[in-house]
Structures are given as C-alpha cells and as structure tokens.
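Breakdown of the fold
Each chain, letter by letter, is given below.
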Amino acid sequence: MSENKHPEHNQALTGAPSPEELEAAQAANEFDAMNAANEAQAQLSVLQAKNTELSDNYLRAKAEAENARRRADDEISKARKFALESFAESLLPVLDSFEAGLALKEATGQQLREGSEATLKQLKSALERNKVIEINPEAGAKFDPHQHQAISMVPAPQQEANTVVTVLQKGYLIAERVLRPALVTVAAPH
C-alpha cells in the first residue's frame, strides 16, 4: 500500500476532521459562546434596569399610600374635632338661657316655667340639628327591641300583646343609630 500524499484524501478515507477544520469549529464555538454571553449580559442589564425601575415604583407607591393614609387619619381627626365643636356650639345658647333664668332673683313661678319651656325647646332644637332624635313611642305601638328596652311586662287587656303600654324614659337616636333605647313597659300576653 502506498501512502497518499494528499491529507484531504486521508480525511475522506478516515472521516476525521483536519486540524484546520477543528480550529475553525473551535473558533466558531467560541464566537457563539461569546455572542451568547454578550446576549445574556445584555438581557441581565435590561432585567436589572427593569428591577430597579419596579423597585422605585414600589417604594413610591408605598410612600404615596402611607401619605394618603396619614391624610385620611388627619381628616377623620379634624372631622371629629369640628363635629364635637359644632355640637358644643349649638348648646351654648341653651347654657345662656339657663344662666339668664337663674340670674332672675324675683321671677314668678309662671316666669320660671315659661323660661324653662323656652330653654327646653332650644335644647331639643340643638339636638335635632345635630341629628339627635328622640324615641318616644305611643301607647299601643309595636315593641321594637332595636329601639326599646322592656323594663317589665304588665297586664293590659285593652292592648295587643308585645305593644308599648307606657314610656318610663325616652330614648334617643343619633344619625339613625340608637344612642339610648327608650325604657318601656310592654303589654303581657292575655
């Protein structure tokens, strides 16, 4: 057998790549690896920038929410303060009337009664303006456990069972919520 002087021919016969081809393949692999690394680095940079942006947005939103909560708390506090102030202000004329009535040294019984009735009217008006409404059920009205408190059951043959017989103490609502239930006696079942 004679040796072939052409290496390409040997490659064709053995199927092994030549050193030049190996070097070219290795360079191509290194180039692909460098491109992949550069691409990964670029994607990493984009993701880091996006992460920073999202983190900043989160911190900004958190600060805004905290500021909104603080403002809401301040508003609630101010509303309570000024509501109480308004209520107290509406009672001042009642106080003035009481003091004026007590300042009269020579008032007759009739004058004292008229002054007391006028002062009571002022007080009821001040309470109503501030949404304090009295609960004073009529005799025979259906007992309402949400607005009335039964003190006792009494025989009342002329009335239906579980109806109000008498009001012992008026109750009050404030803005449609029971402040104090009316104390009542209720008709017992026959």
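We now turn to the structure provided with this report.

Rules used in this analysis
Residues numbered from 1 in each chain as written. Predicted model: local features only at pLDDT ≥ 70, side-chain atom pairs only at ≥ 80, totals over all residues. Heavy atoms only, no water. Helix = DSSP H or I, 4+ residues; strand = E, 2+ residues; numbered from the N terminus. Buried < 20%, exposed > 50% of the residue type's maximum accessible area, 1.4 Å probe, protein only. Contact = heavy atoms within 4.5 Å. Pairing = 2+ DSSP bridges. Core = buried A, V, L, I, M, F, W, Y, C linked by side-chain atoms within 4.5 Å. Axes fitted to C-alpha atoms, helices over the stretch in contact; angles between N-to-C directions. Parallel < 35°, antiparallel > 145°, perpendicular 65-115°, else oblique. Nonpolar A, V, L, I, M, F, W, Y, C, P; charged D, E, K, R; others polar. Salt bridge = Lys/Arg side-chain N within 4 Å of Asp/Glu carboxyl O.

Notes on the side chain of Thr 119
With respect to the helices and strands, Thr 119 occurs in helix H3 (residues 109-129). Residue classification places Thr 119 among the buried positions, given a relative accessible area of 6%. Discounting chain neighbours no more than four positions away, the residues touching Thr 119 are Val 94, Ser 97 and Phe 98.

So, the pairing of strand S6 (residues 182-187)
Extensive coverage of S6 is indicated by the burial of five of its six residues. The sheet contact formed by strand S2 (residues 148-154) and S6 spans six bridges and is parallel. Bridge assignment links Ala 150 to a residue of S6, and that residue is Val 184.

Let's talk about the nonpolar core
Counting six residues, the largest nonpolar core consists of Ile 135, Val 164, Leu 173, Ala 182, Val 184 and Val 186. Per-element tally for this core: the top contributor is S6, with three residues. If we skip the residues at most four places from it in the chain, Val 164 touches Pro 137, Glu 138, Ala 139, Gly 140, Ala 141, Phe 143, His 148, Gln 159, Val 184 and Thr 185.

Comments concerning the packing of helix H2 (residues 19-103) against H3
Packing of H2 against H3 brings their axes to within 9 Å, and their N-to-C directions diverge by 175°. Accordingly, the angle class assigned to the pair H2 and H3 is roughly antiparallel. On H3, the residues touching Phe 87, Ser 90, Leu 91, Pro 93, Val 94, Ser 97, Phe 98 and Gly 101 of H2 are Leu 112, Thr 119, Gln 122, Leu 123, Ala 126, Leu 127 and Arg 129. Class assignment of the residues belonging to the contact of H2 with H3 gives a composition of nine nonpolar, five polar and one charged.

As for the pattern of salt bridges
Side chains that differ in charge, positive against negative, can pair when their charged atoms come close. For the structure shown, the criterion picks out four salt bridges. A salt bridge links Asp 73 to Arg 69; the nearest nitrogen and oxygen atoms lie 2.7 Å apart. Highlighted residues: Asp 73 and Arg 69, both in helix H2, separated by four residues, approximately one helical turn. Measuring nitrogen to oxygen at the nearest pair gives 3.3 Å for the salt bridge that ties Arg 113 to Glu 117. Here the residue Arg 113 and the residue Glu 117 both occupy positions in helix H3, the gap between them amounting to four residues, near one helical turn. Owing to a relative accessible area of 43%, Glu 117 belongs among the partly exposed residues under this scheme. Connected via shared salt-bridge partners are Glu 66, Arg 69 and Asp 73.

That is the geometry; function is a separate question.
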